[in-house]
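Per-entry structural report
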Amino acid sequence: MSTPPVREQFLVISALGTDPMELTSTLCRASQENRCALVSSRLTRHGEFSALTLQVSGSWDGLARLEAGLPSLAKRQNFTVNVTRSAALEPRPQSLPYVAYISAAYRPDILNELCQFFVDHHVELENLTYDTYQAPQTGSTMLNATITVVLPAGTQISWLRDQFLDFADALNLDALIEPWRPQHQ
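Glancing now at the pattern of salt bridges. The full count for this structure, using the stated rule, is four salt bridges. Residue Arg65 is joined to Asp61 by a salt bridge in which the shortest nitrogen-to-oxygen separation is 3.3 Å. Of this pair, Arg65 and Asp61 are both found in helix H2 (residues 60-77), four residues apart, which corresponds to roughly one turn of the helix. Classification of Arg65 as partly exposed rests on a relative accessible area of 36%. A relative accessible area of 31% means that Asp61 is categorised as partly exposed.

Here is the structure:
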(Lines give C-alpha, C1' and ligand atoms only; values in the text may rest on other atoms or scores of the structure.)
Protein backbone atom coordinates (compact mmCIF):
# COMPACT_ATOMS: atom_id res chain seq x y z
CA MET A 1 0.00 0.00 0.00
CA SER A 2 1.45 3.37 -0.95
CA THR A 3 1.28 6.41 1.22
CA PRO A 4 -0.08 9.66 -0.21
CA PRO A 5 2.51 12.37 -0.89
CA VAL A 6 3.09 14.74 1.99
CA ARG A 7 2.25 18.33 1.16
CA GLU A 8 4.99 20.67 2.22
CA GLN A 9 3.82 23.01 4.96
CA PHE A 10 5.00 26.46 5.82
CA LEU A 11 4.59 29.10 8.45
CA VAL A 12 4.06 32.62 7.23
CA ILE A 13 5.24 34.99 9.96
CA SER A 14 4.55 38.71 9.89
CA ALA A 15 6.11 40.94 12.50
CA LEU A 16 6.27 44.65 13.32
CA GLY A 17 9.09 46.18 15.33
CA THR A 18 11.15 49.34 15.65
CA ASP A 19 14.60 47.78 15.13
CA PRO A 20 14.74 46.08 11.71
CA MET A 21 18.08 44.33 12.26
CA GLU A 22 17.12 42.94 15.68
CA LEU A 23 13.69 41.88 14.38
CA THR A 24 15.21 40.03 11.43
CA SER A 25 18.00 38.48 13.47
CA THR A 26 15.65 37.30 16.22
CA LEU A 27 13.18 35.63 13.87
CA CYS A 28 15.86 34.04 11.68
CA ARG A 29 17.63 32.67 14.76
CA ALA A 30 14.36 31.30 16.19
CA SER A 31 13.63 29.59 12.86
CA GLN A 32 17.08 28.03 12.74
CA GLU A 33 16.96 26.91 16.37
CA ASN A 34 13.71 25.07 15.62
CA ARG A 35 15.25 23.44 12.51
CA CYS A 36 13.10 25.43 10.13
CA ALA A 37 14.43 26.77 6.84
CA LEU A 38 13.87 30.30 5.60
CA VAL A 39 12.12 30.15 2.20
CA SER A 40 11.50 33.84 1.55
CA SER A 41 11.43 37.14 3.41
CA ARG A 42 10.58 40.79 2.85
CA LEU A 43 11.40 43.71 5.10
CA THR A 44 10.09 47.23 4.61
CA ARG A 45 10.24 50.33 6.75
CA HIS A 46 7.12 52.33 7.46
CA GLY A 47 7.81 55.39 9.57
CA GLU A 48 9.46 54.28 12.80
CA PHE A 49 8.33 50.67 12.34
CA SER A 50 9.65 47.88 10.15
CA ALA A 51 7.42 45.14 8.77
CA LEU A 52 9.02 41.74 8.24
CA THR A 53 7.33 38.82 6.52
CA LEU A 54 8.97 35.40 6.53
CA GLN A 55 7.98 32.11 4.98
CA VAL A 56 9.65 29.17 6.71
CA SER A 57 9.44 25.43 6.08
CA GLY A 58 10.28 22.51 8.28
CA SER A 59 9.08 19.28 9.80
CA TRP A 60 5.68 19.37 11.46
CA ASP A 61 7.23 19.33 14.94
CA GLY A 62 9.77 22.06 14.10
CA LEU A 63 7.00 24.29 12.73
CA ALA A 64 4.85 23.56 15.79
CA ARG A 65 7.70 24.45 18.21
CA LEU A 66 8.44 27.66 16.33
CA GLU A 67 4.77 28.61 16.18
CA ALA A 68 4.28 27.94 19.90
CA GLY A 69 7.40 29.91 20.91
CA LEU A 70 6.84 33.07 18.86
CA PRO A 71 4.30 34.86 21.12
CA SER A 72 6.59 34.78 24.17
CA LEU A 73 9.62 35.71 22.03
CA ALA A 74 7.70 38.69 20.61
CA LYS A 75 6.73 39.83 24.11
CA ARG A 76 10.34 39.57 25.37
CA GLN A 77 11.78 41.36 22.33
CA ASN A 78 8.99 43.99 22.13
CA PHE A 79 7.57 43.32 18.66
CA THR A 80 4.20 42.13 17.42
CA VAL A 81 3.85 38.88 15.53
CA ASN A 82 1.19 37.06 13.56
CA VAL A 83 1.62 33.46 12.36
CA THR A 84 -0.36 31.53 9.77
CA ARG A 85 0.05 27.97 8.45
CA SER A 86 0.28 27.72 4.67
CA ALA A 87 0.74 25.12 1.96
CA ALA A 88 2.85 25.62 -1.15
CA LEU A 89 1.38 27.72 -3.93
CA GLU A 90 -0.11 25.56 -6.66
CA PRO A 91 1.92 25.63 -9.89
CA ARG A 92 0.54 27.87 -12.63
CA PRO A 93 2.55 26.68 -15.66
CA GLN A 94 0.53 28.51 -18.31
CA SER A 95 0.37 31.81 -16.42
CA LEU A 96 2.53 34.76 -17.40
CA PRO A 97 4.17 37.16 -14.91
CA TYR A 98 4.02 40.85 -15.86
CA VAL A 99 5.08 44.04 -14.11
CA ALA A 100 3.19 47.33 -14.19
CA TYR A 101 5.10 50.52 -13.37
CA ILE A 102 3.05 53.57 -12.44
CA SER A 103 4.07 57.17 -11.66
CA ALA A 104 1.61 59.98 -11.06
CA ALA A 105 0.64 62.96 -9.00
CA TYR A 106 -0.67 61.55 -5.71
CA ARG A 107 -4.36 60.91 -5.29
CA PRO A 108 -5.67 58.66 -2.50
CA ASP A 109 -7.82 56.56 -4.85
CA ILE A 110 -5.16 55.49 -7.36
CA LEU A 111 -4.05 52.24 -5.70
CA ASN A 112 -7.66 51.13 -5.30
CA GLU A 113 -8.34 51.94 -8.97
CA LEU A 114 -5.28 49.97 -10.09
CA CYS A 115 -6.25 46.94 -8.02
CA GLN A 116 -9.82 47.10 -9.30
CA PHE A 117 -8.57 47.15 -12.90
CA PHE A 118 -6.68 43.90 -12.34
CA VAL A 119 -9.58 42.30 -10.43
CA ASP A 120 -11.94 43.19 -13.29
CA HIS A 121 -9.57 41.47 -15.74
CA HIS A 122 -9.08 38.33 -13.56
CA VAL A 123 -5.38 39.05 -13.07
CA GLU A 124 -3.69 37.80 -9.86
CA LEU A 125 -1.59 40.11 -7.70
CA GLU A 126 1.86 38.74 -6.79
CA ASN A 127 3.77 41.70 -5.40
CA LEU A 128 3.13 45.37 -4.79
CA THR A 129 5.37 48.29 -3.90
CA TYR A 130 3.81 51.71 -3.45
CA ASP A 131 5.61 54.82 -2.24
CA THR A 132 4.88 58.53 -2.10
CA TYR A 133 7.46 61.30 -2.15
CA GLN A 134 7.81 65.05 -2.58
CA ALA A 135 9.00 66.07 -6.05
CA PRO A 136 12.15 68.15 -5.54
CA GLN A 137 11.38 70.55 -8.39
CA THR A 138 7.77 71.39 -7.47
CA GLY A 139 7.13 70.09 -3.96
CA SER A 140 4.10 68.16 -5.28
CA THR A 141 3.31 64.82 -3.71
CA MET A 142 3.99 62.06 -6.21
CA LEU A 143 3.56 58.30 -6.15
CA ASN A 144 5.41 55.37 -7.64
CA ALA A 145 3.89 51.90 -7.77
CA THR A 146 5.34 48.66 -9.05
CA ILE A 147 2.80 45.86 -9.33
CA THR A 148 3.76 42.33 -10.29
CA VAL A 149 0.79 40.39 -11.61
CA VAL A 150 0.15 36.96 -13.12
CA LEU A 151 -1.91 36.84 -16.28
CA PRO A 152 -4.11 33.76 -16.56
CA ALA A 153 -3.52 31.27 -19.36
CA GLY A 154 -5.16 32.35 -22.57
CA THR A 155 -4.99 36.08 -21.84
CA GLN A 156 -4.76 38.14 -25.02
CA ILE A 157 -1.65 40.09 -23.98
CA SER A 158 -1.84 42.86 -26.57
CA TRP A 159 -5.52 43.47 -25.73
CA LEU A 160 -4.80 43.62 -21.97
CA ARG A 161 -1.85 45.94 -22.52
CA ASP A 162 -4.03 48.29 -24.61
CA GLN A 163 -6.77 48.18 -21.95
CA PHE A 164 -4.26 48.97 -19.21
CA LEU A 165 -2.71 51.88 -21.11
CA ASP A 166 -6.16 53.33 -21.92
CA PHE A 167 -7.10 52.96 -18.25
CA ALA A 168 -3.87 54.71 -17.18
CA ASP A 169 -4.42 57.54 -19.68
CA ALA A 170 -7.97 58.07 -18.38
CA LEU A 171 -6.58 58.48 -14.84
CA ASN A 172 -3.64 60.62 -16.02
CA LEU A 173 -1.07 58.04 -14.91
CA ASP A 174 2.33 57.51 -16.48
CA ALA A 175 2.24 53.71 -16.79
CA LEU A 176 3.91 50.79 -18.47
CA ILE A 177 3.22 47.04 -18.36
CA GLU A 178 5.82 44.55 -19.56
CA PRO A 179 6.88 40.95 -19.01
CA TRP A 180 8.56 40.24 -15.68
CA ARG A 181 12.28 39.61 -16.00
CA PRO A 182 14.62 38.30 -13.32
CA GLN A 183 16.85 40.96 -11.80
CA HIS A 184 20.50 40.10 -12.39
CA GLN A 185 23.22 41.89 -10.49
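Attention now goes to the environment of Glu124. Looking at where Glu124 falls in the secondary structure, it is placed in strand S6 (residues 124-134). Given a relative accessible area of 40%, Glu124 falls into the partly exposed group. Put simply, Glu124 and Val149 are 25 residues apart on the chain and 5.5 Å apart in space, counted from C-alpha to C-alpha. Residue contacts for Glu124: discarding those within four places in its chain leaves Arg92, Thr148, Val149 and Val150.

On inspection of all chains with the given rule, the structure shows five aromatic pairs. An aromatic cluster of three or more residues is present, and its members are Phe117, Phe118, Phe164 and Phe167.

Reading the values: the criteria
Residues numbered from 1 in each chain as written. Predicted model: local features only at pLDDT ≥ 70, side-chain atom pairs only at ≥ 80, totals over all residues. Heavy atoms only, no water. Salt bridge = Lys/Arg side-chain N within 4 Å of Asp/Glu carboxyl O. Helix = DSSP H or I, 4+ residues; strand = E, 2+ residues; numbered from the N terminus. Buried < 20%, exposed > 50% of the residue type's maximum accessible area, 1.4 Å probe, protein only. Contact = heavy atoms within 4.5 Å. Phe/Tyr/Trp six-rings, centres within 6.5 Å; stacked < 30°, edge-to-face > 60°.

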